[in-house]
Amino acid sequence: MVQKKDEELRGSSNGPISGYHRWLKAYAQGLDWLPNLRTTKEMEGEAPKEDKEVQALKTELEKAQTAKEKFKSAVVRIRKENAELRDVNIATTKALEQETKRARKEEHGRNKFRGALWGSNNELKL
C-alpha cells in the first residue's frame, strides 16, 4: 500500500522512498509470480509447430471464407436486381393509376354528354 505524504512516496512501513524505481524494485522482490510471468512471455515468442490437422483446418477455413465472399457477392447482386425490379414495379403502378384516372374522367364526360343528349331528345319528342 502506497501513501503519499510531504511529496514523498512511502511504503507499507511508512518509511520514505526517494525514487519510484527503488520503490518498485523493493515491492517486486516479494512477488512470487513475477518470474513465472517472464517465462510465459518467452514461451509466447516461440511459435508452436503446426501439424497436419492445423493445416487442414486452415485450408478448410480459407475455403469457407471464399465461399462466404461468393455468397456475399451473390446477395449484393440479387439485392440490386430486386431494387431495380421494385423501381419498375412502382413506375408501372403509377402509370396504371394515371391511366385509370384518365379513363374514369373520360367515361364521366361521356356520361354527362349522353345525359344532355337524352334530355334534348325527350324535348324533341314532345
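Residues numbered from 1 in each chain as written. Predicted model: local features only at pLDDT ≥ 70, side-chain atom pairs only at ≥ 80, totals over all residues. Heavy atoms only, no water.

1. Some thoughts on the overall build of the chain
Quick reminder of the rule: Helix and strand labels come from DSSP, where a helix needs a run of H or I of at least four residues and a strand needs a run of E of at least two; each type is numbered from the N terminus. Burial classification: accessible surface area is computed with a 1.4 Å probe over protein chains only, and a residue below 20% of its type maximum counts as buried, one above 50% as exposed, and the rest as partly exposed.
Per the secondary structure count, the chain includes three helices and three strands. The order of helices and strands in the chain, counted from the N terminus, is β-β-β-α-α-α. For the chain, with 126 residues in total, the buried portion stands at 4%.

2. Description of the pattern of salt bridges
Test applied: Here, a salt bridge means any Lys or Arg side-chain nitrogen found within 4 Å of an Asp or Glu carboxyl oxygen.
For the coordinates displayed, the defined rule picks out four salt bridges. In this structure, glutamate 99 and arginine 102 form a salt bridge, with 2.2 Å as the shortest nitrogen-oxygen distance. Of this pair, glutamate 99 and arginine 102 both sit in helix α3 (residues 52–125), three residues apart, which is roughly one turn of that helix. The exposure class of glutamate 99 is partly exposed, given its relative accessible area of 40%. Glutamate 106 is paired through a salt bridge with arginine 102; the nearest N and O atoms lie 2.8 Å apart. Taken as a pair, glutamate 106 and arginine 102 lie in helix α3 at a separation of four residues, close to a single helical turn.

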